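# A closer look at the structure
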Amino acid sequence: MDLILFGIQGSGKGTQGKILKEHYDMAYFETGAQLRKLASEESSLGHKVKEIIEAGHLVPNEIVMEIVEDFLSKVQDGKSIIFDGIPRKIVQAESLAKLLDQNNREYKAVILDLSEEEALNRLTKRRICSNCKEVYPASYKGDSCEKCEGELVTRTDDNAESIKVRIEAFINETMPVIKMYEDKGLLIKINGEQEIDEVTKELIETLDKILK
Ligand code: AMP
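Scope of this entry: the structure provided in the associated data block. This structure is a prediction, so every number in the text was calculated from the model and none was measured. (Residues numbered from 1 in each chain as written. Predicted model: local features only at pLDDT ≥ 70, side-chain atom pairs only at ≥ 80, totals over all residues. Heavy atoms only, no water.)

Let us look at the sheet that holds strand β2 (residues 27-30). Hydrogen bonds between backbone groups are what pair the strands of a sheet, and the pairing can be parallel or antiparallel. Pairing within the open sheet is parallel, and its 5 strands lie in the order β2-β3-β1-β4-β8. Both edges of this open sheet fall to β2 and β8 (187-191), since each of them pairs with a single strand only. Within the sheet, the average angular offset between the axes of one strand and its neighbour, ignoring direction, is 20°. Against the sheet, helix α1 (residues 13-24) makes contact with β1 (2-7), β2, β3 (81-84) and β4 (107-113), and its axis sits at roughly 165° relative to β2, the strand it touches most. Against the sheet, helix α4 (residues 61-74) engages β2 and β3, with an angle of about 170° to β2. (Pairing = 2+ DSSP bridges. Helix = DSSP H or I, 4+ residues; strand = E, 2+ residues; numbered from the N terminus. Axes fitted to C-alpha atoms, helices over the stretch in contact; angles between N-to-C directions. Contact = heavy atoms within 4.5 Å.)

Right under this line is the structure:
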């Protein structure tokens, strides 16, 4: 069973996704990271994607779906996948559903519920390792990465204007997608306002009943 993980920016989606990946030994598709990798390439596509990401806009669906398709073709047989950061709008949900159906994959969606105010508060304070890209929440007080000692910096798209655009996109474009999964009875709701450990506990208690 694959999981489609939702949460407003700053909800801890990436953090929890990586914990779940380890806990259930799943494959992990992190859309933003895949796109940032593409954006770092010295090609016209790379430059185009970089511009879009820094403005906080969504990358065109065809580009995103091509990356997902490539990932699906390489995933180990029998391994379930966590999708993080996709789908972000209805057309993308339709493309993803089609692709997953074609590959005979079953899925459920999970939302880490968090208010817009708390999301804004967390985003303006989080940092990322300039070397290995590990994300550090506002609560982390150190100046260097615990994994590789790289310098912690603010993500180039974590500026006030881009954050505003991304949160608006989540509310206007992604919320309808979440509602769609809810209407289909595929949505699991988790309280994302809690401390990291408590969110993990609630997630695992809930998912154990489905995945085991
Ligand atoms: P994230 O790391 O999830 O915050 O994503 C960073 C940026 O990558 C977003 O602001 C978008 O520009 C782009 N992006 C991530 N996921 C998607 C997606 N599913 N569709 C289109 N663009 C995306």
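Around the ligand sit 16 residues in total, of which Arg36, His57, Gly85, Arg88 and Gln92 are the nearest. One of the backbone N or O atoms of His57 is found 2.5 Å from an oxygen atom in the ligand. A distance of 3.1 Å separates an oxygen atom of the ligand from a polar side-chain atom of Arg155. Alone, the ligand offers 480 Å² of accessible surface; in the complex the protein occludes 95% of this. Of all the elements, helix α2 (residues 31-39) adds the most residues to the shell around the ligand, at 4 residues. Each residue belonging to the shell around the ligand can be placed in one class, and the counts come to 6 nonpolar, 5 polar and 5 charged. (Near = heavy atom within 4 Å. Polar contact = N/O pair within 3.5 Å; in protein donor to acceptor, adjacent residues only side chain to side chain. Areas by Shrake-Rupley, 256 points an atom, 1.4 Å probe, with all protein chains shown as cover. Nonpolar A, V, L, I, M, F, W, Y, C, P; charged D, E, K, R; others polar.)

Our focus in this paragraph is α4. For α4, built from 14 residues, the straight-helix expectation of 20 Å at 1.5 Å per residue is met to within 8% by its first-to-last C-alpha distance of 20 Å. All buried positions along α4 are accounted for by Asn61, Ile63, Val64, Met65, Ile67, Val68, Phe71 and Leu72. For α4, the elements touching its buried residues are β2, α2, α3 (44-55), β3 and α5 (90-102). (Expected span 1.5 Å × (residues − 1). Buried < 20%, exposed > 50% of the residue type's maximum accessible area, 1.4 Å probe, protein only.)

All right, on to unusual backbone geometry then. Between Ile86 and Pro87 the backbone carries a cis peptide bond, its omega angle lying at 0°. For Pro87, the location among the structural elements is in the loop between β3 and α5. Positioned with a positive phi, Asp25 is a non-glycine residue whose angle comes to about 50°. By the secondary structure assignment, Asp25 is in the loop between α1 and β2. The backbone phi angle of Lys133 is positive, close to 75°, even though this residue is not glycine. Its location among the elements puts Lys133 in the loop between β5 (127-129) and β6 (135-136).

Turning our eyes to something else, we now look at the nonpolar core. In terms of nonpolar packing, the biggest core is built from 42 residues, with Ile4, Val68, Phe83 and Tyr181 touching the most fellow members. In this structure, Tyr181 is in contact with Ile4, Phe6, Pro87, Ala93, Tyr107, Ala109, Leu186 and Leu187, ignoring residues within four places of it in sequence. Judged by nonpolar contacts, the second largest core, of 15 residues, contains Leu5, Ile82, Ile188 and Ile204. (Core = buried A, V, L, I, M, F, W, Y, C linked by side-chain atoms within 4.5 Å.)

Turning to the pairing of β2, a few remarks are in order. Neither face of β2 is left uncovered, since the one carrying Ala27 and Phe29 and the one carrying Tyr28 and Glu30 both have all their residues buried. Looking at chain direction, β2 and β3 are connected through 4 bridges and run parallel. Within β3, the residue paired with Glu30 across the bridge is Asp84.

As enumerated under the stated definition, the model contains 16 salt bridges in all. In this structure, Asp143 and Arg127 form a salt bridge, with 3.9 Å as the shortest nitrogen-oxygen distance. Of this pair, Asp143 sits in the loop between β6 and β7 (152-153) while Arg127 is found in strand β5, placing the two residues 16 residues apart along the sequence. In this structure Asp143 comes out as exposed when scored by relative accessible area, which is 61%. One salt-bridge network, in which partners are shared between bridges, spans Arg126, Asp158 and Arg166. (Salt bridge = Lys/Arg side-chain N within 4 Å of Asp/Glu carboxyl O.)

So, on to α3. Taking 1.5 Å of rise per residue, the 12 residues of α3 would be expected to cover 16 Å, and the 17 Å separating its terminal C-alpha atoms lies within 8% of that figure. Those residues of α3 not exposed but buried are Gly46, Val49, Ile52 and Ile53. Viewed end-on, α3 has its buried residues packed into an arc of 130°, placing them on one side of the element. Opposite the packed face of α3, turned more than 90 degrees from it, sit the exposed residues Ser44 and Glu51. For α3, the elements touching its buried residues are α2 and α4. Where α3 ends, the next residue or the one after it, Gly56, has phi of about 85°, a positive value. (Arc of directions from axis to C-beta.)

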